[in-house]
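Residue strings, one per chain:
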Amino acid sequence: HNYKVMEKMGKGAFSTVFKGLHRVSQKTVALKVSREKQTHETKILAYLNREFVDGVPTLFWYGRVGDNTCIATTFYETTLQNYVETIWSTNFDPCLKVLGICVQLITIMDNVHSAFIVHSDIKPDNFMVDSGGHIIIIDFGLSSLYYNVEKDVYKENTPCEHLIGSPKFASYNLHVGNSISPRDDMMSLGYMMMSLFHLQIPWSNIPEQ
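Please read these numbers as outputs of a predicted model, since none were measured by experiment. Starting afresh in each chain, residues are numbered from 1 along the sequence in its written order. Residue-level local features of this predicted model are given only where pLDDT is at least 70; pairs of side-chain atoms are given and counted only at 80 or more, and the full residue set underlies all totals for whole chains, interfaces and linings. Only hydrogens and water are set aside; all other atoms, that is, all heavy atoms of the structure, feed into the side-chain values.

### Describing the sheet that holds strand β9 (residues 135–137)
- Strand pairing follows a simple DSSP-based rule, namely that at least 2 bridges must link the two strands. We count a stretch as a helix when DSSP gives it H or I for four or more residues in a row; a strand needs E for two or more, and each element gets its number in order from the N terminus. With antiparallel pairing, the 3 strands of this open sheet are ordered in space as β6-β8-β9. The open sheet has two edge strands with one neighbour each: β6 (78–79) and β9.
- Across 2 bridges, the pairing between β6 and strand β8 (residues 127–129) is antiparallel. Bridged to Thr 78 within β8 is Val 129.

Below, the structure is given as structure tokens:
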């Protein structure tokens, strides 16, 4: 109850995101509200914050409100997609600017993977831009550890019956039922960067089954 809900910003398959305001500090935050009784994303974000991973939101608070699980994180006004579209329409040399964004994206993925986390849902909707033009990766609801530090072993490649993440940007390995690994994040990032350059992904118009 320390936060006031201001306006709805977006809705996904499992949750709704609102713009919120801390009642005391007047700090604007993003409030993610889910009916699911899960704390997975909260644990992932808290871990990444403890590891000081750059390019991820700060987790301010989490808890239950009624039947909902809620988390409060850093609020970002601009989506990566809108940011890139503005670059294409207003810059003299947009390709160079978008290339700089791609370098940022690769660096962010390296930061996350260095903390032994695989994101599992790389797509334009899951990247935001802060006021300084820095790219931020969001939505760790499908993320997981790909390496067990205590046992010093990598996660086994176990068959997966259901596709994880967005079908349009998912790697071939996921489409054929392999479990996800950092390579799949990078392949998805490659597909996504093609879309940022207005390049058509060959399978974009294939109907989803």
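### Comments concerning empty space enclosed by the protein
- Cavity: a set of points on a 1 Å grid over the protein atoms alone where a 1.4 Å probe fits but cannot get out. Pocket: an open set with protein on both sides within 12 Å along at least five of seven lines, its lining residues, like those of a cavity, having an atom within 4 Å of a point. Grid points are joined across faces, edges and corners, and a volume is the space filled by probe spheres set on the points. One pass over the structure, following the stated rule, counts 1 cavity of 30 Å³ or more.
- Approximately 70 Å³ is the volume found for the largest cavity.
- Lining the largest cavity are 13 residues, and of these Ser 120, Asp 121, Ile 122, Ala 170 and Ser 188 sit closest to its centre.
- It is helix α5 (residues 182–196) that provides the largest number of residues to the lining of the largest cavity, a total of 3 residues.
- Polar here means any residue other than Ala, Val, Leu, Ile, Met, Phe, Trp, Tyr, Cys and Pro, which are nonpolar, and Asp, Glu, Lys and Arg, which are charged; Gly is therefore polar. By residue class, the composition of the lining of the largest cavity is 6 nonpolar, 4 polar and 3 charged.

### Some remarks on the environment of Gly 100
- Counting through the fold element by element, Gly 100 comes out in helix α3 (residues 94–114).
- A relative accessible area of 34% means that Gly 100 is categorised as partly exposed.
- For the pair Gly 100 and Ser 188, spaced 88 residues apart in sequence, the C-alpha separation works out to 18 Å. When a residue's accessible area, from a 1.4 Å probe over protein chains only, is under 20% of the maximum for its type it is buried; when over 50% it is exposed; and in between it is partly exposed.

### Looking at the pattern of salt bridges
- One side-chain nitrogen of Lys or Arg within 4 Å of one carboxyl oxygen of Asp or Glu is enough to make a salt bridge. Scanning all chains against the criterion turns up 5 salt bridges.
- With a closest N to O distance of 3.1 Å, Asp 139 and Lys 32 form a salt bridge. Placement of the pair is Asp 139 in the loop between β9 and β10 (144–145) and Lys 32 in strand β3 (residues 28–34), with a sequence separation of 107 residues.
- Residue Lys 123 pairs with Asp 121 through a salt bridge whose shortest N-O separation is 3.8 Å.
- Overall, Asp 121 belongs to the buried group, its relative accessible area being 9%.
- The network of salt bridges with common partners includes Lys 32, Glu 41 and Asp 139.

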